[in-house]
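Here is how the chains run, residue by residue.
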Amino acid sequence: MPVFSEDCLKGQGILITGGLGAIGRVIVSRFLEVSASVAVNDVLPEDQAARVMQEAGWDKARCSYLRADITKPAEALSLVNDGRRWLGRLDVALCHAGMAHSCPILDYSAEDWDKILELNLKGAFLVAQAAARAMVAQGVKGKIIFTSSWVQDVPWPEITPYNVSKSGMKMLMRGMARELAAKGIRVNSLAPGIVAVGMAKRQLDTEPDYRRRAEKAIPLGYMQPPESVADAAIFLCSPASDYMTGATILVDGGCSLYPMD
Ligand SMILES: NC(=O)c1ccc[n+]([C@@H]2O[C@H](COP(=O)([O-])OP(=O)(O)OC[C@H]3O[C@@H](n4cnc5c(N)ncnc54)[C@H](O)[C@@H]3O)[C@@H](O)[C@H]2O)c1
């Protein structure tokens, strides 16, 4: 049985970054199922993106691909402007693109540190700031959502720069929420746990140490369905969350409840 009504995001214009990734695809599909219009950003070339979108069966009338590297200020700005133009009105910006790289902290290189922080934190900032400016210019009391992670508050080993980026994202979210509340713009985060697709699945499949830890880390006892991330995103886009700002919704199967070892 559907959790949300078919038209619960009808008329809403949503921009999502990293929307062709493993979790992003599920979120976009669910947004379309509940009648939103979605501007989907990623870095994939146009032909690859077109294939993904066709395979997913996304309705082209309510979904458009906007290629941009969000770590580049000019591209992040054009992305938001193009997204706003295509959508007509930018109601929600979901800053979702992110990456992880596993390596013990003693061996972590400065280059890898920069890559993680540049995408996960600076990219999110650039898009969120441009989106907030667009909302203010259009007089839209919109919403900005960050995809964070349960590790924003937990030092999960061997991805410390990733943890730092999500921790920084938490303060970015809270700072923006504080400053933009007077303009009616709500800013919140969504923090998943160990999801059964995407970066966690890649680590699970290739890193025995990660698998050993992950198997003990989820109190609910099974990996997170990506649909649960999408459902929390729908909630945050919907009027049901209108009185929330500066909050993190943890949807993590309890991962954050106790130490993993
Ligand atoms: N998978 C998990 O267990 C998990 C858990 C908690 C949080 N998250 C978060 O969810 C988000 C998505 O994770 P995922 O597992 O689906 O990863 P993924 O690697 O499948 O997707 C990330 C997407 O971001 C895109 N991207 C990379 N660089 C970009 C750039 N410069 N500009 C625009 N797009 C870019 C990639 O092409 C990719 O499609 C990330 O923010 C991640 O931190 C994931």
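Residues numbered from 1 in each chain as written. Predicted model: local features only at pLDDT ≥ 70, side-chain atom pairs only at ≥ 80, totals over all residues. Heavy atoms only, no water.

Caption draft 1: Layout of unusual backbone geometry. The backbone of Ser 35 shows a phi angle near 75°, a positive value even though the residue is not glycine. Tracing the backbone through its elements, the reader meets Ser 35 in the loop between helix H1 (22-33) and strand S2 (37-42). For Ser 35, a relative accessible area of 18% translates into the label buried. Non-glycine residue Glu 158 carries a positive phi angle of around 70°. Relative to the assigned elements, Glu 158 resides in the loop between strand S5 (143-147) and helix H5 (160-180). (Helix = DSSP H or I, 4+ residues; strand = E, 2+ residues; numbered from the N terminus. Buried < 20%, exposed > 50% of the residue type's maximum accessible area, 1.4 Å probe, protein only.)

Caption draft 2: Fine view of the site of the ligand. Neighbouring the ligand are 30 residues, the closest being Asp 42, Asp 69, His 96, Tyr 162 and Met 199. In the model, a nitrogen atom of the ligand is placed 2.8 Å from a nitrogen or oxygen of the Asp 69 side chain. Within the contact set of the ligand, an oxygen atom lies 2.9 Å away from a backbone nitrogen or oxygen of Val 195. Protein coverage of the free-state accessible area of the ligand, which is 830 Å², stands at 89%. Elements represented by at least two residues in the shell around the ligand include exactly H1, S2, H5 and helix H6 (199-206). (Near = heavy atom within 4 Å. Polar contact = N/O pair within 3.5 Å; in protein donor to acceptor, adjacent residues only side chain to side chain. Areas by Shrake-Rupley, 256 points an atom, 1.4 Å probe, with all protein chains shown as cover.)

Caption draft 3: Seen up close, the packing of aromatic side chains. Tallied over the full model, the rule gives 2 aromatic pairs. Relative to Tyr 210, the ring of Trp 156 lies with its centre 5.6 Å away and its plane at 80°, an arrangement referred to as edge-to-face. Highlighted residues: Trp 156 in the loop between S5 and H5 and Tyr 210 in helix H7 (residues 208-217), separated in sequence by 54 residues. Among the residues examined, Trp 156 registers a relative accessible area of 2% and is labelled buried. An aromatic cluster is defined as three or more aromatic residues linked by ring pairs; in this entry it consists of Trp 150, Trp 156 and Tyr 210. Positioned over the ring face of Trp 156 is Arg 213, at 4.8 Å from the centre of the ring. (Phe/Tyr/Trp six-rings, centres within 6.5 Å; stacked < 30°, edge-to-face > 60°. Lys NZ or Arg CZ within 6 Å of the ring centre and 35° of its normal.)

Caption draft 4: Quick look at the environment of Lys 141. Mapped onto the secondary structure, Lys 141 falls in the loop between helix H4 (110-138) and S5. Judged by relative accessible area, which is 61%, Lys 141 ranks as exposed. For the pair Lys 141 and Val 92, spaced 49 residues apart in sequence, the C-alpha to C-alpha distance is 9.4 Å. Setting aside anything within four residues of it in sequence, one finds Lys 141 in contact with Lys 183, Gly 184 and Arg 186. (Contact = heavy atoms within 4.5 Å.)

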